[in-house]
Amino acid sequence: MNLAAFETPMMKKEFDRLAARQPMDTLSMKRYELPTPPAGKMTDIQAWNECVDNSMAQLEHQRTRILNLELMLEYGGESWKVYNEVLVDMLNKVQTQLSEVKKDIQEVNWTRKNQQTQVGEKMKQLEGEWVGLVSKNYEIEQALLNMEAEYETLKKHHEKSTASVETKT
């Protein structure tokens, strides 16, 4: 079984890191930082407005994440239960279909076996008849050969008789 066939490039990179016993990269917190304007633009109102806009966007992003977590805490468990129920129902339906297909296969196999058994008996009967007919043909051929041999013998005997009668006359 080739387990590497299921590895993604990211998984391979991580497995290589683990094999080399290297520590995991630390999480980058850069996106959560609220940088101030560069040293040369500390008095520039536009630079400070961009920083404030950036901090407001990050704050809104954090609010959205918190809201999503609260919604998941409130409704997530129930939706997983519903999802699991759907999966169980699907599993039951598929298992029912599987048992029906297995039953159908069993019936087809049983029917085939019966047909083959009946045909086997018929073939034995026909084979017996064939052997009888071949034997009869052989007997007829033998009788024919015997009759031909007897005919030749009688023919020779008749020719000899006819020749001896003619020589006497």
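Here, every reference points to the structure presented above.
Nothing here was measured: the structure is a model prediction, and the numbers come from that model.

Quick look at the overall build of the protein chain now. A tally of helices and strands in the protein chain yields 2 helices and 0 strands. Its C-alpha atoms give the protein chain a radius of gyration of 50 Å, clearly above 15 Å, the size a compact globule of 169 residues would have. With the C-alpha coordinates aligned to their principal axes, the bounding extent of the protein chain is approximately 165 × 40 × 35 Å. Out of the 169 residues belonging to the protein chain, those deemed buried represent 4%. In the form shown here, the protein chain has an accessible surface area of approximately 16300 Å², with 62% of it arising from carbon and sulfur atoms. Averaged over its 22 positive side-chain charges, the protein chain has a centre that lies 4 Å from the centre of its 27 negative ones.

Mapping Arg-17 onto the fold places it in helix H1 (residues 9-19). For Arg-17, a relative accessible area of 15% gives the class buried. In this structure the side chain of Arg-17 is engaged in a polar contact, spanning 2.3 Å, whose partner is the side chain of Glu-14.

Let us now look at the packing of aromatic side chains. Inspection of every chain in the model, using the stated rule, returns 1 aromatic pair. When the centroid spacing of 5.5 Å and the interplanar angle of 85° are considered together, the rings of Trp-80 and Tyr-83 count as edge-to-face. With Trp-80 and Tyr-83 both in helix H2 (residues 45-168) and 3 residues apart, the pair spans about one turn of that helix. By relative accessible area, which is 56% here, Trp-80 ends up exposed. Judged by its relative accessible area of 42%, Tyr-83 is partly exposed.

This part takes up a nonpolar patch on the surface. A contiguous nonpolar surface patch, about 600 Å² in accessible area, is contributed by Trp-80, Val-82, Tyr-83, Val-86, Leu-87 and Met-90. Secondary-structure assignment places Val-82 in helix H2.

In this structure, Gln-58 sits in helix H2. The contact partners of Gln-58, leaving out residues within four places of it in the chain, are Arg-31, Tyr-32, Glu-33 and Leu-34.

Taken as a whole and assessed by the stated rule, the structure comprises 4 salt bridges. Measuring nitrogen to oxygen at the nearest pair gives 2.3 Å for the salt bridge that ties Arg-17 to Glu-14. One end of the pair, Arg-17, and the other, Glu-14, are both in helix H1, 3 residues apart, so they sit about a helical turn from each other. With a relative accessible area of 33%, Glu-14 lands in the partly exposed category.

Trans peptide bonds make up the majority, and among non-glycine residues the majority have a negative phi. Positive phi, normally seen in glycine, also occurs at Arg-21, with a value near 55°. With respect to the helices and strands, Arg-21 occurs in the loop between H1 and H2.

Rules and cut-offs
- Residues numbered from 1 in each chain as written.
- Predicted model: local features only at pLDDT ≥ 70, side-chain atom pairs only at ≥ 80, totals over all residues.
- Heavy atoms only, no water.
- Helix = DSSP H or I, 4+ residues; strand = E, 2+ residues; numbered from the N terminus.
- Rg over C-alpha atoms; globule rule 2.2 N^0.38 Å.
- Buried < 20%, exposed > 50% of the residue type's maximum accessible area, 1.4 Å probe, protein only.
- Areas by Shrake-Rupley, 256 points an atom, 1.4 Å probe, with all protein chains shown as cover.
- Lys, Arg positive; Asp, Glu negative; His and termini not counted.
- Charge placed at Lys NZ, Arg CZ, Asp CG, Glu CD.
- Polar contact = N/O pair within 3.5 Å; in protein donor to acceptor, adjacent residues only side chain to side chain.
- Phe/Tyr/Trp six-rings, centres within 6.5 Å; stacked < 30°, edge-to-face > 60°.
- Patch = residues over 30% accessible without salt bridge, like charges linked within 9 Å, V, L, I, M, F, W, Y side chains within 5 Å.
- Salt bridge = Lys/Arg side-chain N within 4 Å of Asp/Glu carboxyl O.
- Contact = heavy atoms within 4.5 Å.

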